[in-house]
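Residues per chain, in single letters:
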Amino acid sequence: MMTGLFQNGSDMHTKFRALAVGALIAASCATKADACDMLVSNLITNAVRPAIKTLGCGDLARAGMDVADHALTEVCYSSNATTSTIDMTAQLHCSTGSGAFISASVSETITAHATINGGSCQVTDVRVNASGELGELALSSLNAEGAARTALQDAMDKVCKP
């Protein structure tokens with residue numbers, strides 16, 4: 001199974017759980033805003049950043065690109081009181097070590113967008129995209145959108161139950 005920039009398929013599920021935690025923080029702190037709510041965006045960033053940093057290089061490590069340098073570069077939470085959205089961007093970078101005979105590296109920009117209906121606590125939209133073909137292939141083989149939607153909805157169900 002192609003796991004691309006991710007260590008393995010189950011590792012991806014763990015990372016989407018971090019996205020769900022971020023969404024829970026956002027949903028519980030929902031405020032009316034037209035632009036990014038920086039307080040909630042920072043809370044989400046702090047919840048998700050460790051998961052992004054610990055992603056490995058997966059199949060790329062077999063080619064010697066086993067040095068991971070991943071960063072969460074942008075998080076924007078916004079709400080119009082009935083719908084909350086979270087947009088995230090992460091830069092994933094894998095390279096050979098400094099002692100490698102031949103230097104090589106691969107970088108991908110991954111974006112994620114989630115929409116949650118505040119009234120019903122239903123996840124109405126999840127999109128995960130990569131900037132390049134390698135990332136798109138990895139996301140497709142892992143069913144990234146489906147895994148993110150399931151993890152996020154499971155988390156929302158726990159928070160929204162009376």
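## Quick notes on the overall build of the chain
Okay, step 1: Scanning the chain from N- to C-terminus turns up four helices and five strands.
Okay, step 2: Listing the helices and strands of the chain from first to last along the sequence gives α-α-β-β-β-β-β-α-α.
Okay, step 3: Each of the 162 residues in the chain was classed as buried or not, and the buried ones make up 45%.
Okay, step 4: For the chain, the exposed area adds up to about 8,100 Å²; of that, 54% sits on carbon and sulfur atoms.

## Overview of the nonpolar core
Okay, step 1: In this structure, Ile44, Leu72, Met88, Val126, Val128 and Leu152 are the most contacted members of the largest nonpolar core, which totals 26 residues.
Okay, step 2: Elements represented by at least two residues in this core include exactly α2 (38–53), β2 (71–79), β3 (83–95), β4 (105–117), β5 (122–130) and α4 (144–160).
Okay, step 3: Membership of the second largest hydrophobic core comes to five residues, among which are Cys57, Met65, Cys94 and Val106.

## Considering the confidence of the model for the chain
Okay, step 1: In this model, the chain carries an average pLDDT of 76, and 75% of its residues clear a pLDDT of 70 or more.
Okay, step 2: Put simply, helix α1 (residues 9–28) is where the chain has its lowest mean pLDDT, 53, and strand β1 (residues 67–68) is where it has its highest, 90.
Okay, step 3: Counting interchain partners and residues more than four positions distant, the pLDDT-below-50 stretch residues 28–33 has twelve contacts.

## Thoughts on the side chain of aspartate 37
Okay, step 1: Following the sequence through the fold, aspartate 37 ends up in the loop between α1 and α2.
Okay, step 2: Among the polar contacts listed, one links the side chain of aspartate 37 to the backbone nitrogen of valine 40, at a separation of 3.1 Å.

## Concerning the state of the cysteines
Okay, step 1: All told, the structure shown has two disulfides when counted by the stated rule.
Okay, step 2: In this model cysteine 57 forms its disulfide with cysteine 94; the gap between the sulfur atoms is 2.1 Å. Classification of the bridge connecting cysteine 57 and cysteine 94 rests on its S-S torsion, roughly -100 degrees, and on that basis the disulfide is left-handed. Residue cysteine 57 is located in the loop between α2 and β1, and its partner cysteine 94 is located in strand β3; the two are separated by 37 residues in the primary sequence. For the pair cysteine 57 and cysteine 94, a shared accessibility class is recorded, and that class is buried.

## Regarding α2
Okay, step 1: Taking 1.5 Å of rise per residue, 16 residues should cover 22 Å, and α2 covers 21 Å from first to last C-alpha, within 8% of that figure.
Okay, step 2: Looking at α2, one finds that the buried residues are Val40, Ser41, Ile44, Thr45, Val48, Ala51 and Ile52.
Okay, step 3: N-capping of α2 is provided by aspartate 37, with a side-chain oxygen placed 3.1 Å from the backbone N of leucine 39.

## Re the pairing of β3
Okay, step 1: Bridge analysis of β1 against β3 gives two bridges, and the strand direction is antiparallel. By the bridge assignment for β3, valine 67 is matched with serine 95.
Okay, step 2: As paired elements, β2 and β3 share eight bridges and run antiparallel to each other. Bridge assignment links glutamate 74 to a residue of β3, and that residue is threonine 89.

## Focus on unusual backbone geometry
Okay, step 1: Positive phi, close to 60 degrees, is recorded for cysteine 121, a residue that is not glycine.
Okay, step 2: Assignment of secondary structure puts cysteine 121 in the loop between β4 and β5.

## Thoughts on the pattern of salt bridges
Okay, step 1: Following the criterion strictly, the structure yields one salt bridge and no others.
Okay, step 2: Of the charged contacts, one joins aspartate 125 and arginine 127 as a salt bridge, the two residues approaching to 3.0 Å between their closest N and O atoms.
Okay, step 3: With relative accessibility at 23%, the residue aspartate 125 sits in the partly exposed group.
Okay, step 4: Note on arginine 127: relative accessible area 40%, which makes it partly exposed.

Reading the values: rules and limits
- Residues numbered from 1 in each chain as written.
- Predicted model: local features only at pLDDT ≥ 70, side-chain atom pairs only at ≥ 80, totals over all residues.
- Heavy atoms only, no water.
- Helix = DSSP H or I, 4+ residues; strand = E, 2+ residues; numbered from the N terminus.
- Buried < 20%, exposed > 50% of the residue type's maximum accessible area, 1.4 Å probe, protein only.
- Areas by Shrake-Rupley, 256 points an atom, 1.4 Å probe, with all protein chains shown as cover.
- Core = buried A, V, L, I, M, F, W, Y, C linked by side-chain atoms within 4.5 Å.
- pLDDT = per-residue confidence, 0-100.
- Contact = heavy atoms within 4.5 Å.
- Polar contact = N/O pair within 3.5 Å; in protein donor to acceptor, adjacent residues only side chain to side chain.
- Disulfide = S-S within 2.5 Å.
- Expected span 1.5 Å × (residues − 1).
- Pairing = 2+ DSSP bridges.
- Salt bridge = Lys/Arg side-chain N within 4 Å of Asp/Glu carboxyl O.

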